[in-house]
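# Remarks on the overall topology
So you can see what is in the structure, the chains are spelled out below.
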Amino acid sequence: MSDPTPPNPPANAAPEAKPRGQGRLPLRLDPVEVATAPDAGNDGGADHDAEPSGPTDAFDLPPELGDDMLPPSEPAQADTLNAAEATSVGSVEDDLVAGLTEPQREAVTHVDGPLLVLAGPGSGKTRVITRRIAYLVRQIGIPPWNVLAITFTNKAAGEMRERVGQLLTERQARAATVSTFHALCARLIRQYADRVGLPPGYSIYDTADQKNAIKTALTELEINTKNFPPASMLGTISNAKNELKDADAYAKQANDFYSRTVAKVYQKYTEVLERNAAVDFDDLLLRTVQLLRDHRDVLDELRNRYQYILIDEYQDTNHAQFMIANALGSISEDGPNQESSGGNLMVTGDPDQSIYGWRGANIRNILEFEAHYPDARIVRLEQNYRSTKTILAAADALIANNRARKHKALFTENADGEPVRVVTCYDGQHEATWVTERLREHHERGVPWADMAVFYRINSLSRVMEDTLRNAGVPYQIARGTAFYDRKEIKDALAYLRVVANPADEVTTFRVINTPARGISAATVKAIQAYALASNTPVDTILGQPSVLTAVNARAQAAVGKFSAMVQTWRDTCGLTPQDEGALIETPADPTHDVSLRQFVETVLRDSGLEAYYRNDKSDPDQERLANLGELVSSVQQFEDEFELSRDLDGIEKPATLADKLLAFLERVALVSDVDSLEAGQGAVTLMTLHAAKGLEYPVVAMIAFEDGLLPHERANHSPQELEEERRLAFVGITRAERHLMLTNAKYRTVFGQTLPTIPSRFLQELPPEVIDVEDVADEALEAQDEGFGGVQRSRAARDAGQYPPGTLVRHPQFGLGRVVQVQPMGAHTKARIDFNTAGAKTLVLQYARLEVVDG
DNA sequence: AGGTTCGAGTTTTTT
DNA sequence: ACTCGAACCT
């Protein structure tokens, strides 16, 4: 490649390379359309590009939007033309392409028509996307609200928004839509609720809700959950939805017994969701596809609005997402907008980083982009600015083992760097200790904790690592954003809010109807359900007239009536009035704007009795759950501040109603992802799964548990395709590292409380010997003896091994007296076979069995 | 109704 | 090994 432009500086030296995260863990709740608070506590302002002035100023403000999702009421076309004419200053372009390589520049300055950017790891892809958005707006004069950028996570969306904000004025940046597919779809469904056939307050069901719904379906069909586990049913249904097969379509091709059963369940499950005015994650996409397919006017409106579409991580899009992108990004075959609308679809991705095949991602979307868009321009970004030559060589050699793959010539001008350390430890505990010690060494040499990360294949591997880091006093954060919302008390609180917004949601109603206990027994609930079924009456309606429940005593009826009245009062506060069919409409003239969302949530927590319940909860002496409710309130406050701020910036005069805020909050909360809770620059080591690591980078990276069955995972080892996806996962992990990379495995791994010997991952053998440094430090664990740091237990166990010769009489706290039959020396995992007098013969691991030697 | 005990499932990855 | 739910008990 002839490239006269100076190469980019290494990523870690570039001022724009590391966007600062913002928000507090784990409550980062900035709404989808809401941008960063203006320089509130973030230092990004210092290196902002000069605020653009002149021609683009006219486009700072989108026309008045009735809702932040609505396209401008005036067609944007005319503006576009004016802007293009008006903008002819050369310096803007120079500014935006400064420091770019030729391929990067080509992608940034591409304006019309489809564009595929095949971007290797660390090749400046995000920079290209953000600069192109800025280029479109500042150089070409595209109104920013005509730009739609899709990212993989909310966090990525937030960072992209922030980086775009550094290149544009804040208002311009805000006017662009930066979102995930799911968040965009959720918003569209709310926006066009009447077209979709859902109330605006519809519920988004998470995995737990889905399980509930599927159980309901199974019960109603009288199908045994033993033979048809809900989880696998959901999986099958989810796959069908990803391929845009509805229940009917699925039923048509269901030939065997299992499929036919699934078809019935799918049908019923759909009914259950509809009955509850609820959608699952897959439905968000599916319903949007249907919306765009069945409502031409909506499609035209959205095509007109989103004339420039950019989709990141395109290798991980599924069929439904492809359909949405295709619908929005295609040129209309008819209609007046032919010239200006559509066709301007830019997708970026890397087939080697496709790691979501298991959830329906279709790698063919990116591989066949050219076939879909024959006039597509293709740009390859192959120079890596992130990693050392050594790390890149290791990654390249590994991924070269994938057969279903096109070769890519990755290269870097970065330094050689140190060898990749490939280290064998004794067991998981020792591995965690070893990694912790190395991280500490790096820290002592001046590497901030925040520059280090530990990756693993499965979440359960985080535990040992966490414990060890905590004991060692190393600050860490863990990418598990949903953990907070998975807590019972938080789910309960959110369930109340959901019931307020969506009276049809019976699943959620029954979740809270007697939580905390208010005298509505299971029998009463059954009676309500029976009556609803028999009379075909919505549950919410029955709750309002409890006297119809003749099977229930007066006291319980009164309790039901009280609950209903309470919920109704909350709805009144929100200005939500039930219509027929149980749907809610917002009373426009209701003057209750002065109740903030935070106040409202506090009211609900108080009136519902949740707060009092957790305040008096004796099983929770630290009042942790109460504190969590408090945190929830803070998160509401934070959300609300940002929500209102964004409306200010958008110049929207009409204040947000309480109902607006409530629905937006519920929507946001339903779509938090694991990495969303992560914060950069918080002085903590980051722990996460390999999947969550996609798109991130760290100077120091440790990847643990390189063992057969874990990486590649045994459940993804049945076909070459699955194995190759596992290898891509390892590739993604390795290529996150900038300077130092450690890959560890352990000789023994404890799973399900059972410690078993392991086999090293085959991926380790695929690394070229010249770039790795292999060590076996397992002996350290045994030598550690009594020196603390995890060695204590093992050394004691090892000593103990000699203390139980066969024939020794021992006492076990549970099994009582017994005699040692045989001892198998296995180091820390030394087992003894013991014949107990009453409990019979058992094999126990000495380390865990609290045996007592009995004399005589 | 609330607390306790017992058993099963857990651990693939996530919007 | 640990957590969660259902069944069982007080």
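Position labels on residues start from 1 in each chain and follow its written sequence. Chains and ligands are labelled by the order in which they are written, letters from A for the one and numbers from 1 for the other. Note on the predicted model: pLDDT of at least 70 is required for a residue's local features to be given, and 80 or more for side-chain atom pairs to be given and counted; whole-chain, interface and lining totals, by contrast, use all residues. For side-chain calculations, the full set of non-hydrogen atoms in the structure is used, while hydrogens and water are omitted.

## A short note on the overall build of chain A
What chain A contains, in helices and strands, is 33 helices and 25 strands. Counting every position in chain A, which comprises 856 residues, the buried fraction comes to 57%. For the accessible areas, the method is Shrake-Rupley and the probe is 1.4 Å, while residue cover comes only from the protein chains on display. Summing over all exposed atoms, chain A offers an accessible surface of approximately 35,700 Å²; the carbon and sulfur share of this is 50%. The way it works is that DSSP assigns letters per residue, a run of H or I at least four long becomes a helix, a run of E at least two long becomes a strand, and they are numbered from the N terminus. A simple rule labels every residue: compare its accessible area, found with a 1.4 Å probe on the protein chains alone, to the largest value its type can have, and call it buried under 20%, exposed over 50%, or partly exposed in between.

## Describing the pairing of strand β18 (residues 737–751)
A regular strand places its side chains so that they alternate between the two faces of the sheet. Burial within β18 is extensive, with 11 of its 15 residues counted as buried. With six bridges joining them, strand β11 (residues 420–427) and β18 adopt parallel strand pairing. Bridging from a neighbouring strand, Val422 pairs with Leu743 of β18. At least two DSSP bridges between two strands are required for those strands to pair. Two strands pair when backbone bridges link them, and strand β17 (residues 698–703) and β18 are joined in this way by five bridges, in the parallel orientation. Along β18, the bridge assignment pairs Tyr698 with Ala737. Here β18 runs beside strand β19 (residues 754–757); their pairing, made up of four bridges, is antiparallel. Bridged to Val751 within β19 is Gln754. Connecting β18 to the next strand, β19, in antiparallel fashion are two residues, including Phe752 with a positive phi near 55°.

## Here we look at the packing of aromatic side chains
Under the pairing criterion, centres of Phe, Tyr and Trp rings, with the six-membered ring standing for Trp, must be within 6.5 Å; the plane angle then separates stacked pairs below 30 degrees from edge-to-face pairs above 60, leaving the rest tilted. The final tally for this structure, using the stated rule, is 11 aromatic pairs. Seen in terms of ring centroids, Tyr314 and Phe369 are 6.0 Å apart; in terms of plane orientation they differ by 85°. Their pairing is edge-to-face. In this pair, Tyr314 sits in the loop between β6 (308–311) and α15 (319–329) while Phe369 sits in helix α17 (residues 369–372), placing the two residues 55 residues apart along the sequence. Among the aromatic residues, those joined into a cluster by ring pairs are Phe152, Tyr356 and Trp358. Just above the ring of Tyr356 sits the side chain of Arg359; from NZ or CZ to the centre is 4.5 Å. Criterion for a charge above a ring: Lys NZ or Arg CZ within 6 Å of the ring centre, and within 35 degrees of the ring normal. Sitting over the face of the ring of Phe152, Lys694 holds its NZ or CZ atom 3.6 Å from the ring centroid.

## Some details on the pairing of strand β1 (residues 115–119)
The element β1 is extensively covered by neighbouring structure, given that five of its five residues are classed as buried. As defined by bridge partners, β1 adjoins strand β8 (residues 377–381) across five bridges and the pair is classed as parallel. Across the sheet, Val117 pairs through a bridge with Val379, a residue of β8.

## Description of the environment of Asn276
Position of Asn276 relative to the elements: it lies in the loop between α12 (257–275) and β5 (278–280). For Asn276 and Thr509, which are 233 residues apart along the polypeptide, the C-alpha to C-alpha distance reads 9.8 Å. Here, residues are in contact when the closest pair of their heavy atoms is within 4.5 Å. Once you skip the residues sitting within four places of it in the chain, Asn276 turns out to touch Tyr205, Asn502, Ala504, Asp505, Glu506 and Val507. The definition of a polar contact used here is a pair of N or O atoms within 3.5 Å, where within protein one atom must be able to donate a hydrogen and the other to accept one, and adjacent residues in sequence count solely through side-chain atom pairs. Looking at Asn276, its side chain comes within polar contact range of the main-chain nitrogen of Glu506, at 2.6 Å.

## A few points about the sheet that holds strand β3 (residues 177–180)
The six strands lie next to each other as β3-β2-β6-β7-β1-β8, forming an open sheet whose pairing is parallel. Looking along the sheet, the strands with just one partner apiece sit at the ends: β3 and β8. Across the sheet, the mean angle separating the axes of adjacent strands is 15° when strand polarity is ignored. Bridging between β6 and strand β7 (residues 345–349) involves three bridges; their strand directions are parallel. Counterpart to Ile311 in the pairing with β7 is Val347. Every axis corresponds to a line fitted to the C-alpha atoms, with the helix fit spanning only the stretch in contact, and the corresponding angles, defined between N-to-C directions, vary from 0 to 180 degrees.

## Some points on α12
In a regular helix each residue adds 1.5 Å, so 19 residues correspond to 27 Å; α12 covers 27 Å between its end C-alpha atoms and thus fits that length. Along α12, the residues that are buried comprise Ser259, Thr261, Val262, Ala263, Val265, Tyr266, Lys268, Tyr269, Val272 and Leu273. Taken together, the buried residues of α12 touch β4 (203–205), α9 (207–221), α10 (230–242), α11 (247–252), β5 and α13 (281–294). Any helix carries an expected span of 1.5 Å times its number of residues minus one.

## Observations concerning the pattern of salt bridges
When a carboxyl oxygen of Asp or Glu lies within 4 Å of a side-chain nitrogen of Lys or Arg, that pair is called a salt bridge. Within this structure, the stated rule accounts for 43 salt bridges. For the salt bridge of Arg511 with Asp492, the shortest nitrogen-to-oxygen distance reads 3.0 Å. Here Arg511 is found in helix α22 (residues 506–512), whereas its partner Asp492 is found in helix α21 (residues 488–501), with 19 residues between them in sequence. Residue classification places Arg511 among the partly exposed residues on the basis of a relative accessible area of 30%. Asp492 sits in the buried class, given a relative accessible area of 3%. Glu640 is the partner of Lys661 in a salt bridge, and the nearest nitrogen-oxygen pair spans 2.7 Å. Remark: Glu640 occurs in helix α28 (residues 624–649) and Lys661 occurs in helix α29 (residues 658–670); sequence separation between them is 21 residues. Each member of the pair, Lys661 as well as Glu640, carries the same accessibility label: buried.

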